[in-house]
Amino acid sequence: MVRELDTIDARTLLEEPFEAPRWVVEGLLPTGINIIAGSPKVGKSWLALDLATHVASGDAFWGMATRRCGVLYLCLEDTYPRVQRRLWHLVDEVEGELSIAVSANSIPDGLTEQMGAFAAAHPGLGLVIVDTLQMVRRPTRDSAYASDYGDVAALKRFADEAGVALVAIHHTR
């Protein structure tokens, strides 16, 4: 049996009071899924760590206001000593709540559940950075597009349900 389409008429839609987007970085980074993609070794991880420190401390990022909130940075291609060296290069001290992990489950093995448990234990969480998307991907024989779509959809569901901005760092080829 075919399910009927669930529709809304345009007049009702125009009158519906939807919540405005919540910004983590005003005008740049809203809650929900966000992707930063670029060639390997162009500075995406440096950008992600810099973003994380600014949001955790509530300092402006690229001249744009930030909403100070907790940050979870999954820097999955790094080690703690390497992240420490980068932090020393960027800041003298980190204010606010910035939590860093260098390992996490993959998407099919419970990444969203791990992040959900972290969010439940840290109610001020507003930003999650997954660096890189490839490190949490599921092996598949699907097309690259279908695989990307499925993985990003799982991260989007988490971000929407948790009410956080999730930034996935991705390599282009």
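Further up the page is the structure itself.
Treat the numbers as computed from the prediction; the structure is a model and nothing was measured. (Residues numbered from 1 in each chain as written. Predicted model: local features only at pLDDT ≥ 70, side-chain atom pairs only at ≥ 80, totals over all residues. Heavy atoms only, no water.)

(A) Molecular detail of the environment of Ile169. Mapped onto the elements, Ile169 comes out in strand E7 (residues 165–171). Accessibility expressed as a relative area gives 0% for Ile169, which makes it buried. Sequence separation between Ile169 and Arg67 is 102 residues; the distance between their C-alpha atoms is 21 Å. (Helix = DSSP H or I, 4+ residues; strand = E, 2+ residues; numbered from the N terminus. Buried < 20%, exposed > 50% of the residue type's maximum accessible area, 1.4 Å probe, protein only.)

(B) Structural view of the side chain of Ser57. Counting through the fold element by element, Ser57 comes out in helix H2 (residues 44–57). Only 3.2 Å separates the side chain of Ser57 from the backbone oxygen of His54, close enough to count as a polar contact. Within polar-contact distance, the side chain of Ser57 engages the side chain of Asp59 at 3.0 Å. (Polar contact = N/O pair within 3.5 Å; in protein donor to acceptor, adjacent residues only side chain to side chain.)

(C) Spatial organisation of the sheet that holds strand E3 (residues 32–38). With parallel pairing, five strands are arranged side by side in an open sheet as E3-E7-E6-E4-E5. The open sheet has two edge strands with one neighbour each: E3 and strand E5 (98–101). Within the sheet, the average angular offset between the axes of one strand and its neighbour, ignoring direction, is 15 degrees. Here six bridges tie strand E4 (residues 70–75) to strand E6 (residues 125–131), and the two strands are oriented parallel to one another. Looking at E6, one finds that Gly70 is bridged to Leu125. (Pairing = 2+ DSSP bridges. Axes fitted to C-alpha atoms, helices over the stretch in contact; angles between N-to-C directions.)

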